[in-house]
2 protein chains.
Amino acid sequence: MAADELSRVFAALADPTRRDMVARLARRDATVGELAEPYDVSVQAISKHLKVLEESGLVSRSRDAQRRPVHLEAEVFDLMTKWIERYRREAEERFRRLDDLLARLDDEEAAPGGTRRTEQERGAS
Amino acid sequence: MAADELSRVFAALADPTRRDMVARLARRDATVGELAEPYDVSVQAISKHLKVLEESGLVSRSRDAQRRPVHLEAEVFDLMTKWIERYRREAEERFRRLDDLLARLDDEEAAPGGTRRTEQERGAS
DNA sequence: GTTGTCTTCAACCACATGGTTGAGGAGATG
DNA sequence: CATCTCCTCAACCATGTGGTTGAAGACAAC
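Here we summarise the structure given alongside this text. Computed from a predicted model, the values in this text were never measured in an experiment. (Residues numbered from 1 in each chain as written. Chains lettered and ligands numbered in written order. Predicted model: local features only at pLDDT ≥ 70, side-chain atom pairs only at ≥ 80, totals over all residues.)

Focus on unusual backbone geometry
Stated precisely, the cut-off is as follows: Helix and strand definitions here come from DSSP, where helices need a minimum of 4 consecutive H or I residues and strands a minimum of 2 consecutive E residues; each element is numbered from the N-terminal end.
Of note in the backbone geometry, Ala65 of chain A takes a positive phi value of approximately 60 degrees without being a glycine. For Ala65 of chain A, the position within the fold is in the loop between β1 (59-61) and β2 (70-72).

What follows is the structure, given as structure tokens:
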């Protein structure tokens, strides 16, 4: 998997177990044992998932005796939403421009100037 | 990788080449060849990336002679943003409540009733 | 100091992923 | 028909990922 942060964050959330852990951590911090409890896998497997989440920046760990409380770092979400929203916006603007174009073609069709375009050619759905 | 759609979408975007393709497709549709041109990998590799994007629902392909124009399906972005925003909101509300709690503790400290909490115990950063 | 609890490290395994090359399908064009 | 272009399929390879078990580190508690 690529090394840049955005890739690590997307990859970290591309696993249902890790997404569920993040969902639970949004409500409250938790220890590794608490996090592992609901799932039918070893604690070591959860420890590995946490390592992935930590390396993506989604999660941080402190220390409390033998325990390692896990805390969600929600700011990292911004990285993703900024990326997504940027291209969603571009795609939507482009779609809007296409709407304008189709509307203009409709006008031409209704108006004097002879247009050769048919409903068919424009791909009526 | 897990089979559910959200996992597939996150996984699809966890690769810089695929993210770049999505970014370019936000501006305009493109053929496989056009998409492959900027990258230093084989066309077959790009074809594989497109398969991943298509199976995640981020992209659709039509047909134009031998060409297979690729189109971005931006609605899928909503799946992700909804997931992200839900837990970001929960985490923020929780943070806000913590702020309230700390403010209330400050009040108690300043007011009559003897509280045992010290600045230390609350973990002043 | 020994024991017990929480967690991680290491080695291993099965399988997915991203890349390669080579062959071939689908269609336009000579 | 022959050929060229655009694209995908198949086989292969190296590496990454998610899981396992066993050992061990860090700390509390007896």
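Next, the rest of the story.
Quick look at the nonpolar core
The cut-off we apply is this: Residues of type Ala, Val, Leu, Ile, Met, Phe, Trp, Tyr and Cys that are buried and joined through C-beta atoms within 7 Å form what is called a nonpolar core. The exposure label follows from counting other C-beta atoms within 10 Å of a residue's C-beta, where the C-beta atoms are placed from the backbone and the thresholds are 20 or more for buried and 12 or fewer for exposed, leaving partly exposed in between. By definition, residue pairs are in contact when their C-beta atoms, positioned from the backbone, come within 7 Å.
Phe10 and Leu58 of chain A together with Phe10 and Leu58 of chain B are the most contacted members of the largest nonpolar core, which totals 47 residues. Once residues lying within four places of it in the same chain are set aside, the contact partners of Leu58 of chain B are Val9, Ala12, Val22, Leu53, Leu72, Glu73 and Val76 of chain B.

Some words on the interface of chain B and chain A
For clarity, the threshold we go by: Here the term charged refers only to Asp, Glu, Lys and Arg, the term nonpolar to Ala, Val, Leu, Ile, Met, Phe, Trp, Tyr, Cys and Pro, and the term polar to all other amino acids, Gly among them.
On the chain A side, the residues contacting the 26 residues of chain B number 26 residues. Among the secondary structure elements, those contributing two or more residues to the side of chain B that touches chain A are α1 (5-13), α2 (16-27) and α5 (76-110) of chain B. Among the elements that take part in the side of chain B that touches chain A, α5 of chain B stands out by supplying 10 residues, more than any other. Residues that form the side of chain B that touches chain A fall into these classes: 17 nonpolar, 2 polar and 7 charged.

Brief notes about helix α4 (residues 43-55) of chain B
All names here are of chain B. To be explicit about the condition: One less than the number of residues in a helix, times 1.5 Å, gives the span that helix is expected to have. Here the arc refers to the set of directions running from the helix axis out to each C-beta atom.
Counted at 1.5 Å a residue, the expected span for α4 with its 13 residues is 18 Å, and the 18 Å between its end C-alpha atoms agrees. Within α4, burial applies to Ile46, His49, Leu50 and Leu53. Seen end-on, α4 carries its buried residues on one side only, within an arc spanning 100 degrees. Those residues of α4 that are exposed and angled more than 90 degrees off the buried face are Gln44, Lys48 and Lys51. The first or second residue beyond α4 is Gly57, which carries a positive phi of 90 degrees.

Examining the relation of the copies chain B and chain A
For these two chain copies, the linking operation is a rotation about an axis paired with a shift along it. We count it as follows: Only residues with pLDDT of at least 70 in both copies contribute their C-alpha atoms to the least-squares superposition of the copies.
Relative to chain A, chain B is turned by 180 degrees and slid 0.0 Å along the rotation axis, the superposed coordinates differing by an RMSD of 0.1 Å. Put plainly, the chains are arranged around a two-fold axis. Most of the interface of chain B is mirrored in chain A, where 100% of its interface residues are also at the interface.

Points about the packing of α2 of chain B against α4 of chain B
All names here are of chain B. Selection criterion: To get an axis, fit a line to the C-alpha atoms, keeping to the stretch in contact for a helix; angles then go from 0 to 180 degrees between the N-to-C directions. Working definition: roughly parallel below 35 degrees, roughly antiparallel above 145 degrees, roughly perpendicular at 65 to 115 degrees, and oblique for all remaining angles.
Where α2 meets α4, the axes come as close as 10 Å, and the angle between the chain directions of the two elements is 70 degrees. With respect to each other, α2 and α4 are oriented roughly perpendicular. The residues of α4 that touch α2, namely those facing Thr17, Arg18 and Met21, are His49, Val52 and Leu53. Split by residue class, the contact of α2 with α4 holds 3 nonpolar, 2 polar and 1 charged.

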